[in-house]
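# Summary of the model geometry
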Amino acid sequence: MKKIPITFLKSTVVLIALATLAFLIFFPPREGRAQNLNLLQIYMDPVIIYAYLASVAFFIALYKAFQLLGLVDQNKVFEPESVRALLTIRNCALVLGASILILAIGIRIFHAEGDDPAGFIAMSIILGFATLVVATAAAIFARVLQGAIDLKSENDLTI
């Protein structure tokens, strides 16, 4: 009975990865500015390239979450590998949040005369804070888990 929730969570992580990948591939040609451009011009846009580079941190964090769920499934939660996975998720969230906020600043500075970047900037601020929440939660979980691992190792040494 315990394997069903872990399998569901692993499936959710895979679905999030697939949906994000599909979005990254299929959204740029449908975006408003891309109506009169060919595929090379669309995918060579600096913002699209920047989004692809920033998404690497997102996919690394998803992989580490999947790996962490595998450790939970194997009853190896109280291992240093779990703490490393959580710290990697924290670092990826911080990198992703910084990337989003840097892009928002760049869009604000370099937007075209007729463009109104307010909506994009507002969404960037919200996503930046969301990644900060994820990073904080991962850091707290890593610290608590490290304390539990230290306590377990101390108890293992006690006769």
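Residues numbered from 1 in each chain as written. Predicted model: local features only at pLDDT ≥ 70, side-chain atom pairs only at ≥ 80, totals over all residues. Heavy atoms only, no water.

### Here we look at the packing of helix α1 (residues 3-26) against helix α3 (residues 46-73)
In plain terms, the rule: Only C-alpha atoms enter the line fits that serve as axes; for helices the fit covers just the stretch in contact. Angles between N-to-C directions range over 0 to 180 degrees. Put simply, DSSP H or I for four residues or longer makes a helix, DSSP E for two residues or longer makes a strand, and each gets a number counted from the N terminus. For classification, angles of less than 35 degrees are called roughly parallel, those exceeding 145 degrees roughly antiparallel, those between 65 and 115 degrees roughly perpendicular, and all remaining angles oblique. By the convention used here, residues are in contact when the closest approach between their heavy atoms is within 4.5 Å. Note on residue categories: nonpolar means Ala, Val, Leu, Ile, Met, Phe, Trp, Tyr, Cys or Pro, charged means Asp, Glu, Lys or Arg, and polar means any other residue, Gly included.
Across the interface, α1 lies against α3 with an axial gap of 10 Å and an inter-helix angle of 170°. With respect to α3, the element α1 is oriented roughly antiparallel. For the pair α1 and α3, contact is made by Lys3, Ile6, Leu9, Lys10, Val13, Val14, Ile16, Ala17, Thr20, Leu21, Leu24 and Ile25 and by Tyr52, Ser55, Phe58, Phe59, Leu62, Phe66, Leu69, Gly70, Val72 and Asp73, respectively. When grouped by side-chain class, the residues that make up the contact of α1 with α3 number 16 nonpolar, three polar and three charged.

### Observations regarding the packing of aromatic side chains
To describe a pair of aromatic rings, one takes the distance between the centres and the angle between the planes. Worth spelling out the cut-off: Each aromatic pair joins two rings of Phe, Tyr and Trp (for Trp, the six-membered one) with centres within 6.5 Å, and gets the label stacked for planes under 30 degrees apart, edge-to-face for over 60, and tilted for any other angle. Working definition: with a 1.4 Å probe on protein chains only, accessible area under 20% of the residue-type maximum means buried, over 50% means exposed, and in between means partly exposed.
Counted according to the given criterion, the structure contains three aromatic pairs. Aromatic pair Phe23 and Phe27: ring centres 4.9 Å apart, planes at 15°, arrangement stacked. Taking the relative accessible area as the measure of exposure, Phe27 reaches 39% and is therefore partly exposed. Pairing Phe58 with Phe59 gives two aromatic rings, centres 5.6 Å apart and planes at 75°, and the pair type is edge-to-face.

### Here we look at the side chain of Ser82
By the secondary structure assignment, Ser82 is in helix α4 (residues 80-110). Here Ser82 falls in the buried class, since its relative accessible area comes to 0%. In this structure Ser82 touches Leu68, Leu71, Lys76, Val77 and Leu145, once residues within four positions along its chain are discounted.

### Looking at the confidence of the model for the protein
Formally: The pLDDT score gives, residue by residue, the confidence of the prediction method on a 0 to 100 scale.
On average, residues of the protein score 91 in pLDDT, and 98% of them are at 70 or above. Element-level mean pLDDT values for the protein span from 84 in helix α2 (residues 39-43) up to 95 in α4.

### A closer look at α3
What sets the pattern is the α-helix's 3.6 residues per turn: residues three or four places apart point alike. Going by this rule: One less than the number of residues in a helix, times 1.5 Å, gives the span that helix is expected to have. We call two N or O atoms a polar contact when they sit within 3.5 Å, provided that within protein one can donate a hydrogen and the other can accept it, with sequence-adjacent residues counted only if both atoms are side-chain atoms.
Spanning 28 residues, α3 covers 41 Å between terminal C-alpha atoms, matching the ideal 40 Å at 1.5 Å per step. Regarding α3, the residues found buried are Ile48, Ala54, Ser55, Ala57, Ala61, Leu62, Leu68, Leu69, Gly70 and Leu71. Looking at the buried positions of α3, the neighbouring elements they touch are α1, α2 and α4. Near the N-terminus of α3, the side chain that reaches the backbone nitrogen of Val47, with its oxygen 3.0 Å away, is that of Asp45.

### Focus on the layout of surface pockets
The condition is simple: Grid spacing is 1 Å over the protein atoms alone, the probe is 1.4 Å, and a cavity is where that probe fits but cannot get out, while a pocket is an open set with protein on both sides within 12 Å along at least five of seven lines and lining residues have an atom within 4 Å of a point. Grid points are joined across faces, edges and corners, and a volume is the space filled by probe spheres set on the points.
Put simply, the largest pocket is a space of about 1,500 Å³. What lines the largest pocket is a set of 46 residues, among which Ala51, Ile100, Leu103, Phe120 and Leu127 lie closest to the centre. Among the secondary structure elements, those contributing two or more residues to the lining of the largest pocket are α1, α3, α4 and α5 (118-157). Counting residues per element, the lining of the largest pocket draws most heavily on α3, at 13 residues.

### Some thoughts on the environment of Ala142
Tracing the chain through its elements places Ala142 in helix α5. With 33 residues separating them along the chain, Ala142 and Ile109 place their C-alpha atoms 37 Å apart. Not counting chain neighbours up to four residues away, the residues in contact with Ala142 comprise Val83, Leu86 and Leu87.

### A short note on the nonpolar core
Nonpolar side chains in soluble globular proteins generally cluster together in the buried interior. We apply this condition: In these notes, a set of buried Ala, Val, Leu, Ile, Met, Phe, Trp, Tyr and Cys residues joined through side-chain atoms within 4.5 Å is what counts as a nonpolar core.
Leu68, Val83, Ala85, Leu86, Ala142, Leu145 and Ile149 together form the largest nonpolar core, which totals seven residues. Only α4 and α5 provide two or more residues apiece to this core. Those residues within four positions of Ala85 in sequence are excluded, and the remaining contacts are Lys64 and Leu68.

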